[in-house]
Amino acid sequence: MVSDSENYKNLITFFNEEYQSLKIYTQSRIDDASDRDAEDIVQDVALKLFSRPDTASPIYNIAGLVYNSIRNRIIDIMRTKKDRINIEN
């Protein structure tokens, strides 16, 4: 079984090694949206993963969890409806 401190260490190691790849992946998914920043999305996902409660289940596939979390966060952002102001008005 994976301990909580080991989960934390593995997350830190993964984000340190893969941060640039995560930003590139995120940017490739939000190419059409100039008002969204890939680094903000990656940091938001990292914050949520690092603030998981100690009682949460252990992480066995860190890469899969992180990439799926980023994909889900992008989907959430794209689904939110923003009020757009028409230039002509």
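All residue numbers here refer to positions counted from 1 along the written sequence of the relevant chain. Given that this is a predicted model, residues contribute local features only at a pLDDT of at least 70 and side-chain atom pairs are listed and counted only at 80 or more, while totals for whole chains, interfaces and linings are drawn from all residues. To get the side-chain values, all heavy atoms of the structure are used, and hydrogens and water are removed first.

Some words on the confidence of the model for the protein chain
Part 1 of the argument: Across the protein chain, the average pLDDT comes to 83, with 78% of residues at 70 or higher.
Part 2 of the argument: Confidence, expressed as mean pLDDT per element, reaches its minimum in the protein chain at helix H1 (residues 4-29) with 90 and its maximum at helix H2 (residues 38-50) with 93. pLDDT expresses, on a scale from 0 to 100, how confident the predictor is about each individual residue. Secondary structure elements follow DSSP: runs of H or I of four or more residues count as helices, runs of E of two or more count as strands, with numbering from the N terminus.

Side note on the packing of aromatic side chains
Part 1 of the argument: Stacked, edge-to-face and tilted labels apply to pairs of Phe, Tyr and Trp rings (six-membered ring for Trp) whose centres lie within 6.5 Å, assigned for plane angles under 30 degrees, over 60, and everything in between, in that order. Summed over the entire model, instances satisfying the criterion amount to four aromatic pairs.
Part 2 of the argument: Judged by centre distance (6.1 Å) and plane angle (85°), the rings of Phe14 and Phe15 are edge-to-face. Per residue, the accessibility class of Phe14 equals that of Phe15, and both read buried.
Part 3 of the argument: Judged by centre distance (5.7 Å) and plane angle (45°), the rings of Phe15 and Phe50 are tilted. Within this pair, whereas Phe15 is found in helix H1, its partner Phe50 is found in helix H2, the two being separated by 35 residues in sequence.
Part 4 of the argument: An aromatic cluster of three or more residues is present, and its members are Tyr8, Phe14, Phe15 and Phe50. Exposure is judged per residue with a 1.4 Å probe applied to protein chains only, and the accessible area is read against the type maximum: over 50% gives exposed, under 20% gives buried, and values in between give partly exposed.

Side note on the packing of H2 against helix H3 (residues 62-79)
Geometrically, a packed helix pair is captured by the angle between its two axes and the distance between the axes.
Part 1 of the argument: Note on method: axes are straight lines fitted to C-alpha atoms, helices fitted across the in-contact stretch only, with angles between N-to-C directions ranging 0 to 180 degrees. Orientation of H2 relative to H3, taken along the N-to-C sense of each, is 120°, at an axis distance of 10 Å. Classified by the angle their axes make, H2 and H3 are oblique. Relative to H3, the crossing made by H2 is right-handed. The segment H2 lies against H3, with Ile41, Val42, Asp44, Val45 and Leu49 engaging Leu65, Val66, Ser69, Ile70, Arg73, Ile74 and Ile77.
Part 2 of the argument: Residue polarity follows a fixed list, in which Ala, Val, Leu, Ile, Met, Phe, Trp, Tyr, Cys and Pro are nonpolar, Asp, Glu, Lys and Arg are charged, and the others, Gly among them, are polar. Of the residues assigned to the contact of H2 with H3, the class counts are nine nonpolar, one polar and two charged. Any angle between 65 and 115 degrees counts as roughly perpendicular, while under 35 counts as roughly parallel, over 145 as roughly antiparallel, and the rest as oblique. Left-handed is the label given to a crossing in which the near helix is rotated counterclockwise from the far helix by less than a right angle, and right-handed is the label when the rotation is clockwise. Note on contacts: a residue pair qualifies if any of its non-hydrogen atoms lie within 4.5 Å across the two residues.

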